[in-house]
Amino acid sequence: MTDNHGAAYARDTLLENIAAELTRSVYPIALRHGMAGSWIKAEVGLLRVLAETVKKWAHDRPPAGSLDELEVWRQGFLVDLTEGAFYIAVKHGIKGSLLEVELDLYRAFRLVIRKRCRAR
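Each chain has its residues counted from 1, running along the sequence as written. In keeping with the predicted nature of the model, local features appear solely for residues at pLDDT of at least 70, side-chain atom pairs appear and are counted solely at 80 or more, and the whole-chain, interface and lining totals rest on all residues. In computing side-chain values, all of the structure's heavy atoms are included and hydrogens and water are not.

Caption draft 1: Seen up close, the side chain of Thr82. Numbering of helices and strands runs from the N terminus; a helix is a DSSP stretch of H or I covering at least four residues, while a strand is a stretch of E covering at least two. With respect to the element layout, Thr82 can be found in helix α3 (residues 67-91). Classification of Thr82 by relative accessible area gives buried; the value is 4%. Setting aside residues no more than four positions away along its own chain, Thr82 makes contact with Glu102, Leu105, Tyr106 and Phe109. In this scheme, a residue with accessible area under 20% of its type's maximum is buried, one over 50% is exposed, and one in between is partly exposed, where area comes from a 1.4 Å probe on protein chains only. Every residue pair with non-hydrogen atoms within 4.5 Å of one another is taken to be in contact.

Next comes the structure, spelled out in structure tokens:
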């Protein structure tokens, strides 16, 4: 295994772990709001859409330096995560206030991202 291949593998693993952590943070929210159909399909759908979102935004992350650029990036990332998870939740028949679900998802993502940033 070359160094580049090893670095790419480590990066992919890190991104997958972040997507899994994000999924674990919002899956209970989706369940709490009630879903029709298969809970496993909903969880897999969440993981898939969140993994795609994490990979996309990781590629576009600004270089270290500008706190303003990083904050703009972070807010866009949070919105995109929320939209993706909300789409999956609606697709799987959540019940109740859509605004409440969307806000709960956003807050859960924001908490995970804050914790990860503090851990650095």
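What follows continues from the structure just given.
Caption draft 2: Structural view of the nonpolar core. Put simply, a nonpolar core is a bunch of buried Ala, Val, Leu, Ile, Met, Phe, Trp, Tyr and Cys residues held in one set by side-chain atoms that sit within 4.5 Å of each other. Counting 33 residues, the largest nonpolar core has Leu22, Val26, Leu50, Val54, Leu81, Leu105 and Phe109 as the members making the most contacts within it. Contributing elements (two or more residues each) for this core: α1 (3-32), α2 (39-60), α3 and α4 (98-119). If one sorts the elements of this core by residue count, α3 sits on top with 9 residues. Once residues within four sequence positions are removed from consideration, Leu50 is found in contact with Ala19, Leu22, Thr23, Val26, Leu81, Ala85 and Phe109.

Caption draft 3: Focus on a nonpolar patch on the surface. Taken together, the side chains of Leu31, Trp39, Ile40 and Val44 present a nonpolar region at the surface, about 400 Å² in accessible area. At 3 residues, α2 tops the list of elements feeding residues into the nonpolar patch. Here Ile40 lies in helix α2. In this structure Ile40 comes out as partly exposed when scored by relative accessible area, which is 41%. Note on patches: the residues involved have over 30% relative accessible area and no salt bridge, like charges join within 9 Å, and the nonpolar side chains Val, Leu, Ile, Met, Phe, Trp and Tyr join within 5 Å. Here the Shrake-Rupley method, with its probe set to 1.4 Å, supplies the accessible areas, and only the displayed protein chains count as covering residues. Criterion for a salt bridge: a side-chain nitrogen of Lys or Arg within 4 Å of a carboxyl oxygen of Asp or Glu.

Caption draft 4: A look at the pattern of salt bridges. For the coordinates displayed, the defined rule picks out 6 salt bridges. Of the charged contacts in the structure, one is a salt bridge between Glu71 and Arg74, with a shortest N-O distance of 3.0 Å. Residue Glu71 and its partner Arg74 are located together in helix α3, separated by 3 residues, close to a single helical turn. Salt bridges sharing common partners tie together Arg32, Asp104 and Arg107.

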